[in-house]
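# Notes for the structure review
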Amino acid sequence: MAYETINVEVQDHVSLIKLNRPDALNALNSVLLQELSKALEEADANDKVRCIVLTGSEKAFAAGADIKEMSEMSFVDVFSTNLFAEINDRFDSVRKPVIAAVSGYALGGGCEIAMMCDFIIASETAKFGQPEINLGVIAGMGGSQRLTRFVGKSKSMDMNLTGRFMGAEEAERAGLVSRVVPAKKLIDEAMGAAQKIAEKSSLSAAAVKEAVNRSYELPLSEGMLFERRVFHSMFATEDQKEGMAAFLEKREAQFRDK
Ligand code: CO8
């Protein structure tokens, strides 16, 4: 499908989705959010795709929700349409792993979209922030919730109250991003990670996502039980037999998603 505000290409079982509104630093307007939601749905449904990478440009992953579009909205407009709920629900429902490859600005909704992905690989130039307080509002898609779970209360309060930006090194130290690489290597690094994931059993990958995401919702004892039961259930798969046999036979496993 042809899109106006994003580019999508599939390479070696990985769907690479690139936000593409360069004139507005990839600000998230309603068309972009609808197209991103559709592209995620299509990638999740495409049998050829085993992992998804979401990226922006070198200058901006996304500089936030589109302020121009939002500026004229009333409470009734945003409440009655449940503004920004759909994209959050879409990320929640995607079963394939999604990696955010962030270079440049990831601000407001941009930082929040990156946090909706399963993990974030950042370039040395990445700048994360929740500057909504400068606009007389607060974060609306996880900047006060997900960010707090990633980096803790003190840093989250600091980011949300002052609106300051956090560089890549600080973001890695704080646990917001998993790796930092030079800007020129960002896409190769993210695609390499995605291809590694694509080689695994998709059953295991989906189970990992469910288990790790549960850790945010459940008390530890319930989370441990959930993980153990999912682990037990993997013994019903052919891929568990293959993975363990391959180890013992000192060869590469050939997973078949069965
Ligand atoms: N919305 C609309 N347009 C934007 C946005 C944005 N968020 N950010 C940048 N642009 C536009 C600018 O207006 C400018 O357009 P033009 O050339 O037509 O004037 C163009 O992009 C380039 O921007 P700048 O000239 O400002 O570039 P600089 O390099 O000088 O500055 C900054 C870059 C620091 C990123 C600056 O543009 C900036 O501060 N942007 C706004 C950042 C911000 O406040 N983001 C939060 C928005 S609110 C929000 O995200 C609420 C989230 C709710 C949930 C959303 C879930 C999807």
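Residues numbered from 1 in each chain as written. Predicted model: local features only at pLDDT ≥ 70, side-chain atom pairs only at ≥ 80, totals over all residues. Heavy atoms only, no water.

### Remarks on helix α7 (residues 153–162)
Buried within α7 we find S156, M159 and N160. Down the axis of α7, the buried set is contained in an arc of 90°. They therefore lie on one face. Away from its buried face, by an angle of more than 90 degrees, α7 presents the exposed residues S154 and L161. Next to the buried residues of α7 lie β8 (127–129), α6 (146–151) and β9 (165–167). Backbone geometry just downstream of α7 places G163 in the positive-phi region, at approximately 75°. (Buried < 20%, exposed > 50% of the residue type's maximum accessible area, 1.4 Å probe, protein only. Helix = DSSP H or I, 4+ residues; strand = E, 2+ residues; numbered from the N terminus. Arc of directions from axis to C-beta. Contact = heavy atoms within 4.5 Å.)

### A few points about the sheet that holds strand β6 (residues 105–107)
Taken in spatial order, the 4 strands line up as β4-β6-β8-β9 in an open sheet, and their pairing is mixed. Two strands bound the open sheet, and with one partner strand each, they are β4 (60–62) and β9. Shown here is a sheet whose adjacent strand axes are inclined to one another by a mean of 20°, direction ignored. Bridge analysis of β6 against β8 gives 3 bridges, and the strand direction is parallel. In the strand pairing of β8, A106 is matched with F128. (Pairing = 2+ DSSP bridges. Axes fitted to C-alpha atoms, helices over the stretch in contact; angles between N-to-C directions.)

### Here's the deal with the confidence of the model for the protein chain
Taken over all residues, the pLDDT of the protein chain has a mean of 97, while the share at 70 or more is 100%. Two numbers describe this predicted complex: its pTM, 0.97, and its ipTM, 0.97. (pLDDT = per-residue confidence, 0-100.)

### Looking at the sheet that holds strand β10 (residues 179–181)
The 6 strands are arranged β1-β2-β3-β5-β7-β10 in an open sheet whose pairing can be described as mixed. Of all the strands in the sheet, just β1 (6–11) and β10 have a single pairing partner and so form its edges. With direction set aside, neighbouring strand axes in the sheet form an average angle of 20°. With 4 bridges connecting them, strand β3 (residues 51–55) and strand β5 (residues 98–102) associate as parallel partners. When the sheet's bridge partners are listed, T55 is paired in β5 with A101.

### Describing the side chain of E132
Here E132 is to be found in the loop between β8 and α6. At 11 Å, R146 is the nearest oppositely charged side chain to E132, a buried residue that forms no salt bridge. Of note is the side chain of E132, whose polar atom sits 3.2 Å from the side chain of Q130. Sequence-distant contacts of E132, defined by excluding residues within four places in its chain, comprise G108, G109, E112, V137, I138, A139 and G140. (Lys, Arg positive; Asp, Glu negative; His and termini not counted. Salt bridge = Lys/Arg side-chain N within 4 Å of Asp/Glu carboxyl O. Polar contact = N/O pair within 3.5 Å; in protein donor to acceptor, adjacent residues only side chain to side chain.)

### A closer look at helix α11 (residues 220–234)
Counted at 1.5 Å a residue, the expected span for α11 with its 15 residues is 21 Å, and the 21 Å between its end C-alpha atoms agrees. The secondary structure elements touched by the buried residues of α11 are α10 (202–214) and α12 (238–248). (Expected span 1.5 Å × (residues − 1).)

### Let's talk about the pattern of salt bridges
For the structure shown, the criterion picks out 16 salt bridges. One salt bridge in this structure joins K184 and E58, with 3.4 Å as the shortest N-O distance. Note that K184 is positioned in the loop between β10 and α9 (186–198) and E58 in the loop between β3 and β4, a separation of 126 residues in sequence. Given the relative accessible area of 48%, E58 is considered partly exposed. Residues R164 and E170 are paired through a salt bridge, measuring 2.7 Å at the closest nitrogen-oxygen approach. Using a relative accessible area of 28% as the deciding quantity, one classes R164 as partly exposed. By sharing partners, the salt bridges in this structure join K155, D158, R164 and E170 into a single network.

### Here we look at a nonpolar patch on the surface
A cluster of nonpolar side chains, I67, L135 and V137, forms an exposed patch at the surface whose accessible area comes to about 260 Å². Relative to the assigned elements, I67 resides in helix α2 (residues 67–71). Judged by relative accessible area, which is 44%, I67 ranks as partly exposed. (Patch = residues over 30% accessible without salt bridge, like charges linked within 9 Å, V, L, I, M, F, W, Y side chains within 5 Å. Areas by Shrake-Rupley, 256 points an atom, 1.4 Å probe, with all protein chains shown as cover.)

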